[in-house]
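Each chain, letter by letter, is given below.
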Amino acid sequence: SRFEGHGQKMSRFDGESEELDPLAPLDFPVYREEFQVRNVCACCEAGMGELDLRLIAFRHRLAEYDPKRSSNVVLRSPHFDGTILIWSSGIFRVLGATSEDDARERLATAVKQVRRIIRDVDEAAARKARIKNFKVVLVTAFSDLHAPVRLQALSDSLSECEYDPEISPRLTVHFKDIPGKATITAQGKVQLFVKSDFHSVSKVLHRVREVCAPFHI
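Residues numbered from 1 in each chain as written. Predicted model: local features only at pLDDT ≥ 70, side-chain atom pairs only at ≥ 80, totals over all residues. Heavy atoms only, no water.

(A) Structural view of a positive patch on the surface. On the surface, a cluster of positive charge is made up of Lys 112, Arg 115, Arg 116 and Arg 119. On the secondary structure map, Lys 112 appears in helix α2 (residues 100–119). A relative accessible area of 46% places Lys 112 in the partly exposed class. (Patch = residues over 30% accessible without salt bridge, like charges linked within 9 Å, V, L, I, M, F, W, Y side chains within 5 Å. Areas by Shrake-Rupley, 256 points an atom, 1.4 Å probe, with all protein chains shown as cover. Salt bridge = Lys/Arg side-chain N within 4 Å of Asp/Glu carboxyl O. Lys, Arg positive; Asp, Glu negative; His and termini not counted. Charge placed at Lys NZ, Arg CZ, Asp CG, Glu CD. Helix = DSSP H or I, 4+ residues; strand = E, 2+ residues; numbered from the N terminus. Buried < 20%, exposed > 50% of the residue type's maximum accessible area, 1.4 Å probe, protein only.)

In structure tokens, the structure reads:
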């Protein structure tokens, strides 16, 4: 499967190669496993050593820097939504990308822009500019179970969950063996937060389907 472009979906149909008994009762609704990526957060090192954030903020027309409020520079682009965060240690982080390739491309563009800024001040450091240790740190995705869920009953059956209908209409499920969590509404809408790669998103959604299956209305 590929993840390209804003809001592109990844889908897989279950049961295509299985022989199902048409007389067997269905314990829960049959639906597609489908999720839509909304945000990819990734980071990398620029290889240029310590960076002068004041210089970057002064020379980049779309940079924002307030050392009293934050320790990083915020770069914005007129060409796409999202931002790039830059720390003096040389760490770059992208927020708002739509795929791993999109995140890598946005980070590469930001590194090139910063390289041009510091080239006049430190040419040796500018020559070392390159993306190192690229890593996806968070993927946010949405899905639909296509069936209502009895959240109170689901909450009573799970130990690793948070649910207080007086505070929020969503139930939050945490998974010990997968670096991520999911929020579920009574209508069956799911929001996934995975601190890893796209393969783990599918794993989290599969686990959500498993725990919700007995509690569909």
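(B) View of the pairing of strand β4 (residues 72–76). Taken across its five residues, β4 has four buried, putting it largely inside the fold. In this structure, strand β3 (residues 63–64) lies alongside β4, joined through two bridges in antiparallel fashion. Pairing of Glu 64 across the sheet is with Val 74, part of β4. Pairing geometry for β4 and strand β5 (residues 83–87), over five bridges, is antiparallel. Within the sheet, the bridge partner assigned to Val 73 lies in β5 and is Ile 86. Where β4 folds back on β5, the antiparallel hairpin that results is connected by six residues, among which Gly 82 adopts a positive phi of roughly 105°. (Pairing = 2+ DSSP bridges.)

(C) A look at the pattern of salt bridges. Counting across every chain of the model gives nine salt bridges. A salt bridge links Glu 100 to Arg 104, with the nearest nitrogen and oxygen atoms 3.8 Å apart. Separated by four residues within a single helix, Glu 100 and Arg 104 lie in helix α2, roughly one turn from each other. Its relative accessible area of 30% is what places Glu 100 among the partly exposed residues. Owing to a relative accessible area of 36%, Arg 104 belongs among the partly exposed residues under this scheme. With a shortest N-O distance of 2.9 Å, Glu 123 and Arg 127 are connected by a salt bridge. Highlighted residues: Glu 123 and Arg 127, both in helix α3 (residues 123–127), separated by four residues, approximately one helical turn. Looking at Arg 127, the relative accessible area reads 67%, which means it is exposed.

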